[in-house]
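Structural features, examined
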Amino acid sequence: MRRLLLGLVAPLTLASLVASTELAAQTRVKRYDVTKETDYGIVYRLPETQLSFVLGVREQHYQPGSLAAYADKYLGRRVEGEPQHSYRLESARAVLTGIPDETQQFLIAFDRKTVAPFVLLTDKGILFSINGSEELPADQAQQIPLTQVVSEQLPDQTAPALPREYSQAGTRASRAEIAANYLYELRESSMNVLTGAVDNMPKDGESMRLVLDHLRHEEARTLRLFAGDTTQRLVAHRIDYLPTGEDLEAYTLARFSPTLGLLAPSDLRGTPITLSIKALERADELDEKAERRHEKQLENSIVYCRPGLALVRLSWEGKTLLQEKVPLTQLGALQALAPKMLNLNQDKTTSIYLDTRTGAVRQIKQE
């Protein structure tokens, strides 16, 4: 971000924050022509509203144990002998962000003798405030990586304290038999502690808990040699889409497969995640005469946008993942604020704040 002082370059004083009387008389706001110089002025842009969809995908990855082939023989249970991967769409949310609209650029030009107010722009040149004291908020969408691991549950991969014979065994079958015997001994020891069938019982409840926890952890570590490990992760994926202003029906935003996860829109191995956008409030279209009159109103004014409203819906295999109403600049119209609004009260500074996602006026207040 950058805070810029418009007008004559001079030492900053408190007066520069409140001396906006001259602004009403000498400020000129006009559409910016990139072929002209911007001496004693600043160019700001209004945004287009971009939709960033954040999809939460629950991943589960199974890796078979080294003795999986012997689980049925020694444990009486069948386990998968090959790695398995599964994915589930768990959540969806929409985040709005502003993208500079290169067709909506405006030059605020000042007379050389003007002492002008502060103007705060985003690092992309989108107008955030005039005479405002608030700091520029962080761009929520840009803070979200394209792919981010939100949480992860990793299995305990500590090796069990198997007897020496296990490492000396020459075949996998022999190791499986030794490991199975050790597993059953652990289970028997746990049962003996619970029933009191041991010579040296733990002295108190806390000691018993520690002994049982140790036996159960050792049992789980031994069991994973047969049953394998399962890793679970929740991964957030960000997908950006810039609306055109037209209604959208069943647009393929991405694809999803329960065995492959989130895929590109062109990857036919998954079924489509579709996006629909329906305009609920849209600015009226103006005829040529009304358009000229409207452009005249924007001259020498602070230009902002009054956004429209749209219903956004994400679906997958007939299930609605997300449905909400969002403001969109692309459905709105440009509006004008007279610079004299900055001089409503000579004793206080009038501050104007814009929504950098939509270009709408968020707040006008005395500071």
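Residues numbered from 1 in each chain as written. Predicted model: local features only at pLDDT ≥ 70, side-chain atom pairs only at ≥ 80, totals over all residues. Heavy atoms only, no water.

**A look at the overall build of the protein**
As a reminder, the rule being used: Segments assigned H or I by DSSP are reported as helices when at least four residues long, segments assigned E as strands when at least two residues long, and all are numbered from the N terminus. Exposure classes here rest on a 1.4 Å probe applied to the protein chains alone. A residue is buried below 20% of its type maximum, exposed above 50%, and partly exposed in between. The contact rule is simple, with two residues in contact once any of their heavy atoms fall within 4.5 Å. Method for areas: the Shrake-Rupley scheme with a 1.4 Å probe, in which residue coverage is limited to the protein chains shown.
When helices and strands are tallied, the protein shows seven helices and 15 strands. Taking all 367 residues of the protein together, 43% fall into the buried category. Sequence separation of 24 or more characterises 76% of the internal contacts of the protein that already satisfy a separation of 6 or more. Element-wise, carbon and sulfur atoms account for 49% of the exposed surface of the protein, whose accessible area totals about 20,600 Å².

**Observations regarding the pattern of salt bridges**
This is how it is decided: One speaks of a salt bridge when a side-chain nitrogen belonging to Lys or Arg is within 4 Å of a carboxyl oxygen belonging to Asp or Glu.
Under the definition given, this model contains 19 salt bridges. The partner of Glu-102 in a salt bridge is Arg-45, with the nearest N and O atoms 3.4 Å apart. Residue Glu-102 is located in strand S4 (residues 84-109), and its partner Arg-45 is located in strand S3 (residues 41-63); the two are separated by 57 residues in the primary sequence. Note that Glu-299 and Lys-296 form a salt bridge whose closest N and O atoms lie 3.6 Å from each other. Lys-296 gets classed as exposed once you look at its relative accessible area, which sits at 58%. Through salt bridges that share partners, Arg-58, Arg-88 and Glu-90 make up one connected network.

**What about the packing of helix H5 (residues 172-195) against helix H6 (residues 205-227)?**
Our working rule: Lines fitted to the C-alpha atoms define the axes, with helices restricted to the stretch that makes contact. Angles between their N-to-C directions range from 0 to 180 degrees. Throughout, the term roughly parallel applies to angles under 35 degrees, roughly antiparallel to angles over 145, roughly perpendicular to angles from 65 to 115, and oblique to all others. The crossing is said to be left-handed when, going from far helix to near helix, the turn is anticlockwise and less than a right angle, and right-handed when the turn is clockwise. Polar here means any residue other than Ala, Val, Leu, Ile, Met, Phe, Trp, Tyr, Cys and Pro, which are nonpolar, and Asp, Glu, Lys and Arg, which are charged; Gly is therefore polar.
Between H5 and H6, whose axes approach to 9 Å, the crossing angle comes to 160°. As summarised for this structure, H5 and H6 are arranged roughly antiparallel, according to the angle between their axes. Every pair of crossing elements has a handedness; the one defined by H5 and H6 is left-handed. Residue-level inspection shows Ala-176, Ala-179, Ala-180, Tyr-182, Leu-183, Leu-186, Arg-187, Ser-189, Ser-190, Val-193 and Leu-194 of H5 in contact with H6, the latter providing Met-208, Val-211, Leu-212, Leu-215, Glu-218, Glu-219, Thr-222, Leu-223, Leu-225 and Phe-226. Residue classes in the contact of H5 with H6 are distributed as 15 nonpolar, three polar and three charged.

**What about the environment of Pro-160?**
Within the secondary structure, Pro-160 sits in the loop between strand S7 (147-153) and helix H4 (164-168). On a C-alpha basis, the gap between Pro-160 and Leu-225 in space is 9.3 Å, while along the polypeptide they are 65 residues apart. Discounting chain neighbours no more than four positions away, the residues touching Pro-160 are Glu-218, Arg-221, Thr-222 and Leu-225.

**Considerations on unusual backbone geometry**
Despite not being glycine, Asn-131 has its phi angle at roughly 65°, a positive value. On the accessibility criterion, Asn-131 (5% relative accessible area) is buried. Of note in the backbone geometry, Glu-317 takes a positive phi value of approximately 50° without being a glycine. Residue placement: Glu-317 occurs in the loop between strand S12 (302-316) and strand S13 (319-337).

**Details of H6**
Basically, it comes down to this: Helices are assigned an expected span. That span is 1.5 Å times one less than the residue count. Pairing of N or O atoms within 3.5 Å defines a polar contact, subject to two protein rules: one partner must be a possible hydrogen donor and the other a possible acceptor, and residues neighboring in sequence count only if both atoms are side-chain atoms.
The first and last C-alpha atoms of H6 sit 31 Å apart over 23 residues, in line with the 33 Å expected at 1.5 Å per residue. All of the buried residues along H6 are Leu-212, Leu-215, Glu-218, Glu-219, Arg-221, Thr-222, Leu-223, Arg-224, Leu-225, Phe-226 and Ala-227. Here the buried face of H6 lies against S3, helix H3 (71-75), H4, H5 and strand S8 (229-241). The backbone nitrogen of Glu-206 lies 3.3 Å from a side-chain oxygen of the residue at the head of H6, namely Asp-204.

**Points about the pairing of strand S9 (residues 248-257)**
Inclusion rule: Strand pairing is defined by DSSP finding a minimum of two bridges between the two strands.
Pairing geometry for S9 and strand S11 (residues 271-281), over six bridges, is antiparallel. Paired with Leu-248 across the strands is Ile-277, a residue of S11.

**Quick notes on the packing of aromatic side chains**
The cut-off we apply is this: For Phe, Tyr and Trp, rings pair up if their centres lie within 6.5 Å, where Trp contributes its six-membered ring, and each pair is then called stacked (planes under 30 degrees apart), edge-to-face (over 60) or tilted (otherwise).
For the structure on display, the rule yields four aromatic pairs. Residues Phe-128 and Tyr-353 carry aromatic rings whose centres are separated by 5.8 Å and whose planes lie at 70° to one another, so their mutual orientation is edge-to-face. Of this pair, Phe-128 sits in strand S6 (residues 127-130) while Tyr-353 sits in strand S14 (residues 350-354), placing them 225 residues apart in sequence.

**Points about the environment of Pro-64**
As for its placement among the helices and strands, Pro-64 is situated in the loop between S3 and H3. Each C-alpha atom, one on Pro-64 and one on Ala-227, is 6.4 Å from the other, the two residues being 163 residues apart in sequence. Among all residues touching Pro-64, those that are not within four sequence positions of it are Glu-80, Gly-81, Glu-82, Pro-83 and Gly-228.

**Some remarks on H5**
In a regular helix each residue adds 1.5 Å, so 24 residues correspond to 34 Å; H5 covers 35 Å between its end C-alpha atoms and thus fits that length. Among the residues of H5, those classed as buried are Ala-176, Ile-178, Ala-179, Ala-180, Tyr-182, Leu-183, Leu-186, Ser-190 and Val-193. Buried positions along H5 lie against H3, H4 and H6.

**Comments concerning the sheet that holds strand S10 (residues 261-263)**
With antiparallel pairing, the five strands of this open sheet are ordered in space as S10-S9-S11-S12-S13. Looking along the sheet, the strands with just one partner apiece sit at the ends: S10 and S13. Within this sheet the neighbouring strands show an average axis-to-axis angle of 35°, counted without direction. On the sheet, helix H7 (residues 288-298) packs against S12 and S13 and is oriented at approximately 75° with respect to S13.

By themselves, these observations are geometric and do not establish any function.
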